[in-house]
Amino acid sequence: MTNSYDFDVLVIGAGPGGYHAAIRAAQLGLRAACAEREAVGGVCLNIGCIPTKALLHAGEQVAAARHASDFGLTFGEQKLDVAKLNGWKDGIVKKLTGGVAGLFRANKVTHLVGQASFVDAHTVKVGDKTYTAANVIIATGSEPAKIRGLDVDQQQIVDSTGALNVPDPIPARMLCVGGGVISFEFSHIYNNLGSKVKIIEFLPTIIPGADADAVKEFGKSMKKQGIEFETETKANSAVKKDDGVHVEIENVKTGEKRTEVFDRVLVAVGRRPRLDGLNLEVTGVAQNERGFIPADVQQRTNVPHIFAIGDVAGNPMLAHKAMKEGVVAAEVIAGKPAAQDAVAIPGVVYTSPELAWVGLTEGEARDKGYNVRTGVFPLSASGRAMTLQQTDGFVKMVVDHDTDLLLGVHIVAAHGSDMLGEASLALEMGATATDVALTIHAHPTLGESVLEAAEAVHRQAIHIVNR
Ligand SMILES: Cc1cc2nc3c(=O)[nH]c(=O)nc-3n(C[C@H](O)[C@H](O)[C@H](O)COP(=O)(O)OP(=O)(O)OC[C@H]3O[C@@H](n4cnc5c(N)ncnc54)[C@H](O)[C@@H]3O)c2cc1C
């Protein structure tokens, strides 16, 4: 690296992508800086993954307390201290973001505080100071997409950030616009806390991109728990009145319109890249038609010393993808032969049961021309699931029948996200269904369902009748 620059690498944004990039760069001996205009940790730690998972856990405990009567445990009337709930969640966020700041100090990453904007392709202004860098990593993330007619006020009409603030009283009637991951997670939270929740989705399916059978199984469980959802439906407008928010809802197939009244409306219709104030124009870095910054497998943009990682670089907008890309960019800058070459990036909806998947869906595998064979093991046949009162769901394995190669794993199950690590490793290692089936899984565990699904591929599962 030339020492004529202030830094070897300057990262813009301290979300999962940015902080991983900065820390790995520093570990590799580079002079690294990370600029952030808000709290370190980005969307994931502050207003995304972590606070939603805290609220999901709290909601599930409320529901679990209700189900405890099945085995003879009853409580008095449930009382929820909403202020305490919000405070507990905020405390976890504070601890984790404080942890990132501490890791910056320990690794000697220079933490620059303020809005960053490019002056030229090697010069970045942060606050009122200007720095030069041999390499720049853009990790500015994403923000909620807006829809006309539904103006977010973060009180009655909220986006995901507003929805993280649980109001007192809990809204009696809630509408979630959008049938994706974020919408289902908030629906699950509010449903468990006592709201009557409805989801509307424009497309013919909820959770687009997930395996069709898994989505069906997942939807069945959500409905059973009281969450309503309608597909091919859109919200045209939301008007605040004394008795609540009046939402005009349209069936996109028939054109039929109706108005329904809700206490709270969540708008969760996707996210868009965040580049405001960055002055990207002066760098010559290209954006695609949707505003994302495309990057190659080394995370380089069209300008070789400028890298893009995480949400701003495009789908899937997930924290673990941003983290990996951050590490890759830092290693490439340090001269290592790194690449973003993951076989598959896992996806999870953290409801209960969770919807968790990695690799190809059955439909994708067929489209690619594989001779597809699937194996399904229902959680209703799992002893461990029964002891946990969590028998909804299944594990579905998608396999190439000719080679036995594992192509995808689709899980609808409590703790499915934790079972997904095994499936991801299996895909990365090029495992066959036989490899998984021959691996001894502890009994009784939910993870055994992955083994049994692999056995079911061969029509040799033990705890179900094979057909
Ligand atoms: C409600 C919700 C729940 C989610 N749950 C999950 C989950 O469970 N699992 C999962 O994998 N993903 C989840 N996500 C997605 C995840 O949060 C993102 O994929 C992840 O945060 C992307 O990381 P990033 O580093 O690309 O960007 P971000 O986390 O968006 O970070 C970008 C940072 O850059 C800063 N910044 C932007 N512009 C500038 C500038 N010009 N100067 C200085 N700083 C700037 C921003 O302030 C921000 O801190 C969730 C998202 C939401 C909204």
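See above for the structure.
No experiment lies behind these values; they were computed from the predicted model shown. Position labels on residues start from 1 in each chain and follow its written sequence. Predicted model: local features are reported for residues with pLDDT of at least 70 only, side-chain atom pairs are reported and counted for 80 or more only, and whole-chain, interface and lining totals are derived from all residues. As a rule here, side-chain values come from all non-hydrogen atoms in the structure, and water together with hydrogens is ignored.

Caption draft 1: Region of the structure containing the pattern of salt bridges. The working definition used for a salt bridge is a side-chain nitrogen of Lys or Arg within 4 Å of a carboxyl oxygen of Asp or Glu. Tallied over the entire structure, the rule returns 22 salt bridges. Ionic pairing is found between Lys 196 and Glu 228, a salt bridge with its closest N-O pair at 3.5 Å. Taken together, the residues span a long stretch of sequence, with Lys 196 in strand β10 (residues 196-200) and Glu 228 in strand β11 (residues 228-230) at a distance of 32 residues. Of the residues examined, Glu 228 reaches a relative accessible area of 36% and is grouped as partly exposed. Shared partners join several salt bridges into a network, and the residues in it are Lys 196, Lys 198, Glu 228, Glu 230, Arg 258 and Glu 260. Where helices and strands are cited, they refer to DSSP runs of H or I of at least four residues and of E of at least two residues respectively, numbered from the N terminus. Throughout this description, buried means an accessible area under 20% of the type-specific maximum (1.4 Å probe, protein chains only), exposed means over 50%, and partly exposed covers the range between.

Caption draft 2: Geometry of the site of the ligand. We call a residue near a molecule or strand when any one of its heavy atoms sits within 4 Å of it. Inspection of the region around the ligand gives 39 residues, with Glu 36, Lys 53, Arg 274, Asp 311 and Ala 319 positioned closest. In protein, a polar contact requires one atom able to donate a hydrogen and another able to accept it; more generally it is a pair of N or O atoms within 3.5 Å, and residues adjacent in sequence count only if both atoms are side-chain atoms. Between the ligand and Gly 17, the relevant distance is 2.9 Å, taken from an oxygen atom to a main-chain nitrogen or oxygen of the residue. Note that an oxygen atom of the ligand is positioned 2.8 Å from one of the backbone N or O atoms of Ala 319. Note that accessible areas follow from Shrake-Rupley with a 1.4 Å probe, and for residues the cover is restricted to the protein chains shown. Protein coverage of the free-state accessible area of the ligand, which is 1000 Å², stands at 96%. Classification used: nonpolar for Ala, Val, Leu, Ile, Met, Phe, Trp, Tyr, Cys and Pro, charged for Asp, Glu, Lys and Arg, polar for all others including Gly. Looking at side-chain class alone, the shell around the ligand contains 17 nonpolar, 15 polar and seven charged residues.

Caption draft 3: Just the state of the cysteines, in detail. Two cysteine sulfurs form what is called a disulfide whenever their separation falls within 2.5 Å. The full count for this structure, using the stated rule, is one disulfide. There is a disulfide in this structure between Cys 44 and Cys 49, and the S-S distance comes to 2.3 Å. Sign of the S-S torsion, about -125° for the bond between Cys 44 and Cys 49, identifies this disulfide as left-handed. Taking relative accessible area as the criterion, Cys 49 reaches 27% and is therefore assigned partly exposed. Take Cys 34: it sits in no disulfide, and the sulfur closest to it among the cysteines is that of Cys 44, at 15 Å. Cys 176 forms no disulfide, and the closest cysteine sulfur to it belongs to Cys 49, at a distance of 18 Å.

Caption draft 4: Expanded view of the sheet that holds strand β19 (residues 354-359). Strand order across the open sheet formed by five strands is β18-β19-β22-β21-β20, with antiparallel pairing between neighbours. Edge positions in the sheet fall to β18 (347-349) and β20 (372-378), since each has one partner strand and no second. Direction aside, the axes of adjacent strands within the sheet are offset by 10° on average. Bridging between β19 and strand β22 (residues 406-413) involves six bridges; their strand directions are antiparallel. Bridge pairing links Glu 354 to Ala 413 in β22. Packed onto the sheet, helix α13 (residues 448-457) meets β20 and β21 (394-400) and runs at close to 135° relative to β20. One requirement defines pairing of two strands: DSSP has to find at least two bridges between them. To obtain each axis, a line is fitted to C-alpha atoms, and for helices this fit is confined to the stretch in contact; angles are then taken between N-to-C directions over 0 to 180 degrees. We call two residues in contact whenever any of their non-hydrogen atoms come within 4.5 Å of each other.

Caption draft 5: A look at helix α3 (residues 49-67). With 19 residues, α3 should reach 27 Å at 1.5 Å per residue; the first-to-last C-alpha distance of 26 Å fits that figure. For α3, the elements touching its buried residues are α2 (42-47), α4 (82-107) and α6 (181-193). Any helix carries an expected span of 1.5 Å times its number of residues minus one.

Caption draft 6: Expanded view of the packing of aromatic side chains. Any two rings among Phe, Tyr and Trp, with Trp reduced to its six-membered ring, count as a pair given centres within 6.5 Å; such a pair is stacked if its planes are under 30 degrees apart, edge-to-face if over 60, and tilted if neither. Following the criterion strictly, the structure yields three aromatic pairs and no others. Considering the side-chain rings of Phe 184 and Phe 229, the 5.7 Å spacing of their centres and the 70° angle between planes classify their relative orientation as edge-to-face. Linking Phe 184 in helix α6 with Phe 229 in strand β11, this pair joins segments that are 45 residues apart in sequence. Each member of the pair, Phe 184 together with Phe 229, is buried. Put simply, the rings of Phe 184, Phe 218 and Phe 229 touch in pairs and so form one group of aromatic residues. The ring of Phe 229 has Lys 223 sitting right over it, with the charged end atom 4.4 Å from the ring centre. The rule for a charge over a ring is simple: NZ of Lys or CZ of Arg within 6 Å of the ring centre, and within 35 degrees of the ring normal.

Caption draft 7: Region of the structure containing the pairing of β10. A large share of β10 lies buried, amounting to four of its five residues. Examined bridge by bridge, strand β9 (residues 173-177) and β10 share five bridges and lie parallel to one another. The partner of Leu 175 across the bridge, within β10, is Lys 198. A clockwise path from the first strand over the helix to the second, with the strands pointing away from the viewer, defines a right-handed crossover. Remark: the β9/α6/β10 crossover connection has right-handed handedness. Relative to β11, β10 is paired through three bridges, and the arrangement is parallel. In the strand pairing of β11, Ile 199 is matched with Phe 229. In this view, the connection linking β10 to its parallel neighbour β11 by way of helix α7 (residues 212-224) has right-handed handedness.

Caption draft 8: Representation of the nonpolar core within the structure. Remark: nonpolar core denotes a set of buried residues (Ala, Val, Leu, Ile, Met, Phe, Trp, Tyr, Cys) joined through side-chain atoms within 4.5 Å. Counting residues in each nonpolar core, the largest one holds 36 residues, and the members touching the most others are Val 166, Phe 184, Tyr 190, Ile 207, Phe 218, Leu 266 and Leu 355. At the level of elements, α3, α4, β9, α6, β10, α7 and β19 are the ones that each hand at least two residues to this core. In terms of residue count, the dominant contributor to this core is α6 (five residues). The contacts of Leu 266, once residues within four sequence positions are left out, are Val 158, Asp 159, Ser 160, Ala 163, Met 174, Leu 175, Cys 176, Val 177, Ser 183 and Phe 186. Ranked by size, the runner-up nonpolar core spans 30 residues in total, among them Tyr 19, Ala 26, Leu 30 and Ala 32.

Caption draft 9: Local environment of the pairing of strand β12 (residues 233-241). Relative to strand β13 (residues 244-251), β12 is paired through eight bridges, and the arrangement is antiparallel. When the bridges of β13 are listed, Ala 238 appears paired with Val 247. The turn joining β12 and β13, which pair antiparallel and follow one another in sequence, is formed by two residues.

Caption draft 10: The arrangement of a nonpolar patch on the surface in detail. Exposure above 30% relative accessible area and the lack of any salt bridge qualify a residue for a patch; like charges then connect within 9 Å, and the nonpolar side chains Val, Leu, Ile, Met, Phe, Trp and Tyr within 5 Å. Together, Phe 71, Leu 73 and Phe 75 give the surface a local cluster of nonpolar side chains, amounting to about 340 Å² of exposed area. Following the sequence through the fold, Phe 75 ends up in the loop between α3 and α4. A relative accessible area of 54% means that Phe 75 is categorised as exposed.

Caption draft 11: Structural view of the packing of α3 against α4. At their nearest, the axes of α3 and α4 sit 9 Å apart, and the two run at 140° to each other. Of the possible angle classes, the one that applies to α3 and α4 is oblique. The interaxial crossing formed by α3 with α4 has right-handed handedness. Note on element contacts: α4 touches α3 through Leu 85, Trp 88, Lys 89, Ile 92, Val 93 and Leu 96, opposite Ile 50, Pro 51, Ala 54, Leu 55, His 57 and Ala 58. Across the contact of α3 with α4, the residue classes tally to 10 nonpolar, one polar and one charged. Every angle not falling under 35 degrees, over 145, or within 65 to 115 is termed oblique; those three ranges are roughly parallel, roughly antiparallel and roughly perpendicular. In this scheme, a crossing is called left-handed if the near helix is turned counterclockwise away from the far one by less than a right angle; it is called right-handed if the turn is clockwise.

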